[in-house]
Structures are given as structure tokens and as C-alpha cells.
Amino acid sequence: MNAFKPRETLTEQVARHIENLIAFEQLRSGERIYESTMAKEMDVSHGSIREALLLLEKRHLVRNVPRKGAFVTPLDEHFVRSLYEILELYLTHTGQKLVRQWQPEDMARLENLYRQMKDCYQKNDLMAFLELGIEYTQASLVYADNYFIVSAIDDLWPSAKRCAFVAFRQGGAQVLEDNLAHMEESIRAIGNRDEAALANILHRYALQQCEQVLAAINAG
């Protein structure tokens, strides 16, 4: 018997659409999101927009202010540094478990995703590159075995994608090359079961990505 797989709800579809508008800067940092305008543009009810905005607040992309409305979460220095600090903590913790417990199929999947991302880089397909980058990191969480960490990281992905796009807008191909270099180093450290090396790689990458995003923000 095939496992039942529910389709994505309307609320999730609306949230995904608005998430991408924010991630790719069609809705700007601090901008107000008007429910009526969004409902008309998407041909959905106000209720669907409202539910989606509540979901996006949980994912740190929107702030719902009583009696004022919904606003895109400001992408400022405090937000960016906080994001990369917590991502580094979570990913280092789960990466240690992966290093100790990985199986051949895990390494094969990481290496395949790396090859796909390299292909996207050569084709200049940014959207696919970013999505594969998220899939790569999710694949590395296979041994996390911690409900709260996995749940928290799921809610942080949209902000990570948003920041990655901001960094790319400023740094261009160099940012993608840095991502690929980070992945190649990480796969090597995981394959060698070297926890210290992986922790060092994640620390350097988090700092580098954080500074790239801040440089883009400061450049306007």
C-alpha cells in the first residue's frame, strides 16, 4: 500500500509564494504587506493571506503588529548576526552526529547534491542552486535525532535563503564559488570522520557568509 501524502494546503502555497517574494526582494525589508492587495493579486481570501502571514511570522520573515498590520522583518545587522550564530550552533551539533554515524548512502547523497549544485553554478541557475543548498543541509541533518533542533532549523531556512540571495546580489559568482568550496571541504571532513575539521569549516563559513550579507546590506 502506498503511503498517504497530503497535498500542500492553500495556506502553505500562499505562504510559499510570499516567502519567495521576500527572499528575492520583491517585498523589501521593513515593507508593509497589505492583505487586501495580496489577496487580490493571488485571487485568494483574506483569511488565507492572514493564515499565511502567521505562518511566515513563525519562520521569522514577517512581523504582525497589532492594529498596524504585517511587515517584512527588517534585515539588519542584529538579525543577520543572530541568524548565522544560531545556524552555526545547530549545524555543528548535528554535524558531529553525522560524522560519527554516516553510512555509504549518506555520503553518496551529499556528493550527488554537490555535483548538482556545481552544474547549477555552471548554468547560472541561482534558484535551483539555492534550493539544492537547502536540500544539502537538510540531508546532513539525517542523524540529528532532536525534534527541537530540526524544527528550529526548518523555520530558519527561509531567512537563510533570503540572506543567501542578498549575498549573491552583491558578490555574484564568488558567493556561489565559496558555497561550493565549503561543501567540498565539508564532505571531505565528514568522509574522514573528522569532527574538529568540520566544526572549523562550519565556523569559517558562517562568519564568511554573515560578512558577505552585511556587506551587501551596507552597500544598499
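Thresholds applied
- Residues numbered from 1 in each chain as written.
- Predicted model: local features only at pLDDT ≥ 70, side-chain atom pairs only at ≥ 80, totals over all residues.
- Heavy atoms only, no water.
- Pairing = 2+ DSSP bridges.
- Helix = DSSP H or I, 4+ residues; strand = E, 2+ residues; numbered from the N terminus.
- pLDDT = per-residue confidence, 0-100.
- Contact = heavy atoms within 4.5 Å.
- Core = buried A, V, L, I, M, F, W, Y, C linked by side-chain atoms within 4.5 Å.
- Buried < 20%, exposed > 50% of the residue type's maximum accessible area, 1.4 Å probe, protein only.
- Axes fitted to C-alpha atoms, helices over the stretch in contact; angles between N-to-C directions.
- Parallel < 35°, antiparallel > 145°, perpendicular 65-115°, else oblique.
- Left-handed = near helix turned anticlockwise from the far one by under 90°.
- Nonpolar A, V, L, I, M, F, W, Y, C, P; charged D, E, K, R; others polar.

(A) Region of the structure containing the pairing of strand β2 (residues 62–65). Bridge count between β2 and strand β3 (residues 69–72): four bridges; the pairing is antiparallel. Within β3, the residue paired with Val62 across the bridge is Val72. Count of turn residues in the β2/β3 antiparallel hairpin: three residues, of which Arg67 carries a positive phi of about 65 degrees.

(B) A look at the confidence of the model for the protein. On average, the protein scores 91 in pLDDT, and the residues at 70 or more come to 97%. Considering each helix and strand of the protein separately, the mean pLDDT is smallest for helix α6 (residues 126–139), with a value of 86, and largest for strand β1 (residues 32–33), with 96. Scored below 50 in pLDDT, residues 1–5 shows zero contacts in the model against residues more than four places distant or in partner chains.

(C) Representation of the sheet that holds β2. Ordered in space as β1-β3-β2, the three strands form an open sheet in which the pairing is antiparallel. Each end of this open sheet is capped by a strand with a single partner; those strands are β1 and β2.

(D) Just the nonpolar core, in detail. Formed by 53 residues in total, the largest nonpolar core has its most connected members in Val80, Tyr84, Leu110, Cys163, Ile190 and Val213. The set of elements that each furnish at least two residues to this core consists of α4 (77–101), α5 (104–123), α6, α7 (147–171), α8 (173–191) and α9 (195–219). Excluding anything up to four places from it in sequence, Tyr84 contacts Cys163, Ala164, Ala206, Gln209, Cys210 and Val213.

(E) Fine view of the environment of Arg100. Take Arg100: it is sitting in helix α4. Distance from Arg100 to Asp125, taken between C-alpha atoms, is 34 Å for residues 25 residues apart in sequence. With near-sequence residues (within four places) excluded, Arg100 lies in contact with Arg193 and Glu195.

(F) Looking closely at the packing of helix α1 (residues 10–23) against α7. Where α1 contacts α7, the axes come no closer than 9 Å and their chain directions differ by 30 degrees. Every residue of α7 that contacts α1 at Glu19, Asn20, Ile22 and Ala23 is listed here: Pro158, Lys161, Arg162 and Phe165.

(G) Focus on the packing of α6 against α8. The geometry of α6 relative to α8 is characterised by a closest axis approach of 12 Å and an angle of 25 degrees between their N-to-C directions. Regarding the angle of α6 to α8, the classification is roughly parallel. As for how α6 packs across α8, the hand of that crossing is left-handed. From α6, Leu126, Phe129 and Tyr136 reach across to α8, where they touch Leu176, Asn179, Leu180, Met183, Ser186 and Ile187. Along the lines of polarity and charge, the residues of the contact of α6 with α8 split into seven nonpolar, two polar and no charged.

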